[in-house]
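An overview of the molecular structure
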Amino acid sequence: MSVLPLVFTSGWASGINAYAVVLLLGVFGATGLTDEVPESLQRPDVLIAAGVLFACEAVADKIPYVDSVWDTVHTVIRPVSGAVVGALLAGQSGSLSDLAAGAVGGSTALASHAVKAGTRMAVNTSPEPFSNIVLSLAEDLGVGGIITFAMFYPEAAAIIAAVLLLLGLLILLFLVSRIRRFLRRRAQRREEKRLAGQVGPPPP
């Protein structure tokens, strides 16, 4: 049960940036900062792959609309990553505790991913790109900070992650109406363009 706070925190962080979680945990384990990280996450090929994908996400996550496409692609990847990391942290014996850890990590990652994706959709309704960059940097720093904090104070980090998840869900509920209005306006513009194309240019 002692590993569950770290599983919960890593699950929350995986829903925001799964590659950063794998990279940080692997580095912490490889450098001997903690013995909670399994060797499979410390392998050089895993660290290199996580580093490359983290760099790709760092770029895509700061471009309006590209970030939403990236989030859509990762709707499955982030929860699966949270579940796998959670199961690995709990051990690879195949016991019920491993399955429970995978369920906690995966469900927490899915919830935080929904908050991230929904927030980005709302931010993309603004015409300027700076809010995307600021929000992306805040997410990256937040994931790095809370995973590092969890290495030393896992229970406190889990409480912080739970509070952030709850606040994110509340904010998402508040932003739902804005997202719906944006999607309706975009669908209306597409329909107007389609009708204009059917009418064609006026006769000479």
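This text gives an overview of the structure that appears in the document. (Residues numbered from 1 in each chain as written. Predicted model: local features only at pLDDT ≥ 70, side-chain atom pairs only at ≥ 80, totals over all residues. Heavy atoms only, no water.)

Further remarks concern the packing of helix 1 (residues 4-30) against helix 5 (residues 130-152). It is the contact of helix 1 with helix 5, at a shortest axis distance of 9 Å, that shows an interaxial angle of 80°. For the element pair helix 1 / helix 5, the angle class is roughly perpendicular. Taking contact as the criterion, the partners of Leu6, Thr9, Ser10, Trp12, Ala13, Ile16, Asn17, Ala20, Val21, Leu24, Leu25 and Phe28 in helix 1 are, on helix 5, Glu139, Asp140, Val143, Gly144, Ile146, Ile147, Thr148, Ala150 and Met151. Here the residues of the contact of helix 1 with helix 5 are counted per class, giving 14 nonpolar, five polar and two charged. (Axes fitted to C-alpha atoms, helices over the stretch in contact; angles between N-to-C directions. Helix = DSSP H or I, 4+ residues; strand = E, 2+ residues; numbered from the N terminus. Parallel < 35°, antiparallel > 145°, perpendicular 65-115°, else oblique. Contact = heavy atoms within 4.5 Å. Nonpolar A, V, L, I, M, F, W, Y, C, P; charged D, E, K, R; others polar.)

Turning to helix 5, a few remarks are in order. End to end, helix 5 covers 34 Å across 23 residues, agreeing with the expected 33 Å (1.5 Å per residue, within 8%). All of the buried residues in helix 5 are Asn132, Ser136, Glu139, Asp140, Val143, Ile146, Ile147, Ala150 and Met151. (Expected span 1.5 Å × (residues − 1). Buried < 20%, exposed > 50% of the residue type's maximum accessible area, 1.4 Å probe, protein only.)

In this section: a nonpolar patch on the surface. Judged by side-chain polarity, Leu33, Phe149, Phe152, Tyr153, Ile159, Ile160, Val163, Leu164, Leu166, Leu167, Leu170 and Leu173 come together as a nonpolar surface patch covering roughly 1200 Å² of accessible area. For the nonpolar patch, the secondary-structure elements that each account for two or more residues are helix 5 and helix 6 (154-199). With eight residues, the single largest contributor to the nonpolar patch is helix 6. If you trace the backbone, leucine 33 turns up in the loop between helix 1 and helix 2 (44-60). (Patch = residues over 30% accessible without salt bridge, like charges linked within 9 Å, V, L, I, M, F, W, Y side chains within 5 Å. Areas by Shrake-Rupley, 256 points an atom, 1.4 Å probe, with all protein chains shown as cover. Salt bridge = Lys/Arg side-chain N within 4 Å of Asp/Glu carboxyl O.)

Overall, the coordinates contain nine salt bridges when judged by the stated rule. The salt bridge involving lysine 116 is made with aspartate 61; its shortest N-O contact spans 3.0 Å. Taken together, the residues span a long stretch of sequence, with lysine 116 in helix 4 (residues 96-123) and aspartate 61 in the loop between helix 2 and helix 3 (66-90) at a distance of 55 residues. In this pair, the class of lysine 116 matches that of aspartate 61, namely buried. Aspartate 71 is the partner of arginine 78 in a salt bridge, and the nearest nitrogen-oxygen pair spans 2.9 Å. Across the pair, aspartate 71 and arginine 78 agree in class, each one buried.

It is worth stressing that arrangement in space is one thing and function is another; only the former is reported here.
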